[in-house]
Amino acid sequence: MTRTAAPSRPGPLEFEVPPELEAHEPPEARGLSRDAVRLMVAYRKDLRLVHAAFRDLAGFLEPGDLLVMNNSGTLPASVPARRTDGTQLELHLSTPLPSGQGPVDLAKPAGAEPQVWVVELRRPSGPDSLPFREASPGETLALPEASAEVMEPYPPDCGPFEERPKESRLWTAALRLPSALGPYLERHGHPIRYGYVTREWPVSYYQTVYAMEAGSAEMPSAGRAFTPEMITELISGGVDVAPVTLHSGVASLEEHETPAAEFYRVPEETARRVTVAREAGGRIIAVGTTVVRALETVIDDAGAVRPGRGWTKLVVSPERGVHVVDGLLTGWHEPRASHLLMLEAVAGRELLELSYRSAIDRGYRWHEFG
């Protein structure tokens, strides 16, 4: 992997995921441990692909390498909603409205002022749900013991399609709750899920074993397969592990939409360990696209990684390139996901195409439980 921008590329990667490759339930429901899922290791230098089990990861890393993990935990961020005409919807909390403040305080008591969130509205459609774009600014949705006033499309000047400039997939909404948000979601929320997950699973199935701070609308799923025993094995073998925090918003991005702003935190100690590993010749391996976004946000003009926190709007693309990470551990992404641009920046177009073609041919499973 190079730390410079990639040359010009063809159009977006196009492929179809056969329905039988959708992971409908966590591997534990299939009698597997978390770390028993499959692992493909792809090498950019010689376009080599190696197929293994996730629990074999330590064999592909070297002493001095640094794994950077996102310690954000997953919220039960989907809440049933109802319009005044009786239309049933699901309100998906994405992120608090980006501001100069930090992430939402889940324990903050409800007050006179509502909490303003970026949300997605979806309408049930059989076993799946579809984006609901017909909301009107100013209308109030009924939530369990609470309400949400739709404010405006997000971002304010969006309307992701020019021919429908007043329709948006994301909105800002003012939430009036009877209690702090954390306890409210424990009572009334459930994990965001889509049609390929055929039943509801407890929020514990949507957490990594190293999650420390709840705040993500959807699970940063690249690290789901880690177990405490695996992490212990890596550290005992000389592989360092360091945290960042990036609270991911809704990931059901459609029509090649770019990700919205997300809150991140790169601690001073993590920035230091990245610097030490790079100076010693170790590789920086990001566990998930969220980690890439956080690390690439805090690099300075001299190429050094600095501690930082705030809201990042960075979009990592082949044109921009990557400047911090040497490798990426990630799941398989949808054909229209903007994450594919980041994968191409890290892996290169040729290796990306080879990897996805092999994943389909060999029956790798997709989505957060794949």
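Scroll up a little and you will see the structure.
Below is a short write-up of the structure. (Residues numbered from 1 in each chain as written. Predicted model: local features only at pLDDT ≥ 70, side-chain atom pairs only at ≥ 80, totals over all residues. Heavy atoms only, no water.)

1. Some remarks on the overall build of the protein chain
Scanning the protein chain from terminus to terminus reveals six helices and 17 strands. Its C-alpha atoms give the protein chain a radius of gyration of 20 Å, within 12% of the compact-globule value 21 Å for 370 residues. The principal-axis extent of the C-alpha atoms belonging to the protein chain is close to 60 × 45 × 45 Å. The 370 residues of the protein chain split such that 51% are buried. (Helix = DSSP H or I, 4+ residues; strand = E, 2+ residues; numbered from the N terminus. Rg over C-alpha atoms; globule rule 2.2 N^0.38 Å. Buried < 20%, exposed > 50% of the residue type's maximum accessible area, 1.4 Å probe, protein only.)

2. Observations regarding the packing of helix α4 (residues 289–297) against helix α5 (residues 339–347)
Running from N to C, α4 and α5 point in directions that differ by 70 degrees, and their axes come no closer than 11 Å. Classified by the interaxial angle, the pair formed by α4 and α5 is roughly perpendicular. Contacts between α4 and α5 involve T289, V292 and R293 from the first element and H339, M342 and L343 from the second. Here the contact of α4 with α5 is composed, by residue class, of three nonpolar, two polar and one charged. (Axes fitted to C-alpha atoms, helices over the stretch in contact; angles between N-to-C directions. Parallel < 35°, antiparallel > 145°, perpendicular 65-115°, else oblique. Contact = heavy atoms within 4.5 Å. Nonpolar A, V, L, I, M, F, W, Y, C, P; charged D, E, K, R; others polar.)

3. A few points about the pattern of salt bridges
Within the structure shown, the criterion is met by 17 salt bridges. Here R48 makes a salt bridge to D46, at a shortest N to O gap of 3.4 Å. Classification of R48 as partly exposed rests on a relative accessible area of 39%. According to the relative accessible area criterion, D46 is partly exposed, its value standing at 45%. One salt bridge in this structure joins E353 and R349, with 2.8 Å as the shortest N-O distance. Highlighted residues: E353 and R349, both in helix α6 (residues 349–361), separated by four residues, approximately one helical turn. For E353, a relative accessible area of 29% corresponds to the partly exposed category. Using a relative accessible area of 16% as the deciding quantity, one classes R349 as buried. (Salt bridge = Lys/Arg side-chain N within 4 Å of Asp/Glu carboxyl O.)

4. What about the side chain of S216?
Within the secondary structure, S216 is located in strand β12 (residues 213–216). Within polar-contact distance, the side chain of S216 engages the backbone nitrogen of S248 at 2.9 Å. Sequence-distant contacts of S216, defined by excluding residues within four places in its chain, comprise S72, G73, T74, L75, L246, H247 and S248. (Polar contact = N/O pair within 3.5 Å; in protein donor to acceptor, adjacent residues only side chain to side chain.)

5. Here we look at α6
For α6, spanning 13 residues, the distance from its first C-alpha to its last is 18 Å, which sits close to the expected 18 Å at 1.5 Å a residue. Where α6 is concerned, the buried positions are R349, L351, L352, S355, Y356, S358 and A359. Along its buried surface, α6 packs onto β1 (38–43), β2 (48–53) and α5. Looking one or two residues past α6, G363 carries a phi angle of roughly 75 degrees, positive in sign. (Expected span 1.5 Å × (residues − 1).)

6. As for the sheet that holds strand β13 (residues 240–247)
The six strands are arranged β16-β14-β13-β3-β15-β17 in an open sheet whose pairing can be described as mixed. The two strands at the open ends of the sheet, each matched to only one other strand, are β16 (308–312) and β17 (327–329). The sheet shows a mean angle of 25 degrees between the axes of neighbouring strands, direction not considered. Strand direction decides the pairing type here: β13 and strand β14 (residues 262–266), joined by three bridges, are antiparallel. In the sheet register, H247 faces β14, and the bridge partner there is F263. (Pairing = 2+ DSSP bridges.)

7. Some remarks on the nonpolar core
With 42 residues, the main nonpolar core has L91, L93, L143 and L175 as its most contacted residues. Sorting the residues of this core by element identifies β5 (78–82), β6 (88–96), β7 (115–125), β9 (140–143), β10 (146–153), β11 (170–176) and α1 (181–188) as the ones contributing at least two each. Those residues in contact with L93 that sit more than four places away from it in its chain are A77, W117, V118, V119, L175, L181, L185, I192, A217 and V250. Listed in part, the 26 residues of the second largest apolar core include V68, V266, V292 and V305. (Core = buried A, V, L, I, M, F, W, Y, C linked by side-chain atoms within 4.5 Å.)

8. Side note on the packing of α5 against α6
One way to put it is that α5 packs onto α6 with a least axis distance of 7 Å and a crossing angle of 115 degrees. The handedness of the crossing between α5 and α6 is right-handed. Here L340, L343, E344 and A347 of α5 lie close against α6, whose contacting residues are R349, L351, L352 and Y356. Partitioning the contact of α5 with α6 into residue classes produces six nonpolar, no polar and two charged. (Left-handed = near helix turned anticlockwise from the far one by under 90°.)

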